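# Working through the structure, step by step
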Amino acid sequence: MGFKKLDFEEYSESKMRSRSESFLNEIVTRRTIREFSDRMVPIDIINNCIKTAASAPSGANKQPWQFVVVKDPGIKAEIRKAAEKEEKEFYGHRATKEWLEDLNQFGTDWHKPFLEIAPYLIVVFRKIYDLEDDGTQRKNYYVNESVGIASGFLLAALHHAGLATLTHTPSPMNFLGQILNRPVNEKAFLLIPVGYPANDAEVPDLSKKPFGEISKIV
Ligand SMILES: Cc1cc2nc3c(=O)[nH]c(=O)nc-3n(C[C@H](O)[C@H](O)[C@H](O)COP(=O)(O)O)c2cc1C
């Protein structure tokens, strides 16, 4: 691998300030939604957002991710059934009292109709190692950090495009690898329903921590 000149556009400070403000103003309107419309979204928009995610930095540029876009109603129904089975266990037995109390404000339970209603489910897999065609295993580095950053890019890109998302983590998520026939080196990381919000969609009236609490300059 050789080197090439960096493609870097420098802005004036005032332009940087206004760009940072306008990005902030745009991104703070993102909300996790749990009520979707079944309205279809053109796949090229989804693909652009996945390309954005795939441009993320990753440990040693290993790009240890795989994105599977589920559109097929039969597969979505299968995923819903399996997710609801796990979530019933989670809400009924597995979750601690503290966890259930923390979730109370979101009004969530084991019912996951959005898994069939949203036009797409993007399943993000992390590759715990790479598998070559001859079965040789190659190491990946900082897999969780890398896939977390790529997923952040993905959520931001989808929001920027004008779509709504739910960052969903049915627990445990092994059923996703089975239903989607993924190889053993891929582990489900996030299940992201994507689409338009339902007309009457509501979101919890929550707030983010004040800036002074989450940021320090030393
Ligand atoms: C890693 C992760 C897992 C999450 N899992 C779920 C989930 O399984 N079900 C759900 O309804 N929301 C889930 N959420 C959404 C959070 O509840 C939501 O992001 C949080 O309440 C803040 O709301 P906001 O996204 O609208 O800012 C998850 C979010 C993250 C980042």
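First, a word on scope: everything that follows refers to the structure included in this document. (Residues numbered from 1 in each chain as written. Predicted model: local features only at pLDDT ≥ 70, side-chain atom pairs only at ≥ 80, totals over all residues.)

We now examine the packing of helix 2 (residues 43-54) against helix 6 (residues 143-161). Viewed as axis vectors pointing N to C, helix 2 and helix 6 meet at an angle of 145°, and their least axial separation amounts to 7 Å. The element helix 2 and its partner helix 6 pack so that their crossing is right-handed. Contacts between helix 2 and helix 6 involve I45, C49, I50, T52, A53 and A54 on the former and, on the latter, A150, S151, F153, L154, A157, L158 and A161. Class assignment for the residues of the contact of helix 2 with helix 6 results in eleven nonpolar, two polar and no charged. (Axes fitted to C-alpha atoms, helices over the stretch in contact; angles between N-to-C directions. Helix = DSSP H or I, 4+ residues; strand = E, 2+ residues; numbered from the N terminus. Left-handed = near helix turned anticlockwise from the far one by under 90°. Contact = placed C-beta atoms within 7 Å. Nonpolar A, V, L, I, M, F, W, Y, C, P; charged D, E, K, R; others polar.)

A separate point is unusual backbone geometry. The amide bond that connects S171 to the next residue, P172, takes the cis arrangement and shows omega of -5°. Within the secondary structure layout, P172 lies in the loop between strand 5 (164-165) and helix 7 (174-179). Located in the positive-phi region is N61, a residue other than glycine, with phi close to 55°. With respect to the element layout, N61 can be found in the loop between helix 2 and strand 1 (65-70).

Consecutive residues of a regular strand have side chains that alternate between opposite faces of the sheet. Burial of strand 2 (residues 120-127) is extensive: eight of the eight residues sit out of reach of the surface. Bridge count between strand 1 and strand 2: six bridges; the pairing is antiparallel. By the bridge assignment for strand 2, Q66 is matched with F125. In the sheet, strand 2 pairs with strand 6 (residues 186-195) via eight bridges, with the strands oriented antiparallel. When the bridges of strand 6 are listed, Y120 appears paired with V194. (Buried ≥ 20, exposed ≤ 12 C-beta atoms within 10 Å, placed from the backbone. Pairing = 2+ DSSP bridges.)

Fair warning: the whole summary comes from geometry, so function is off the table for now.
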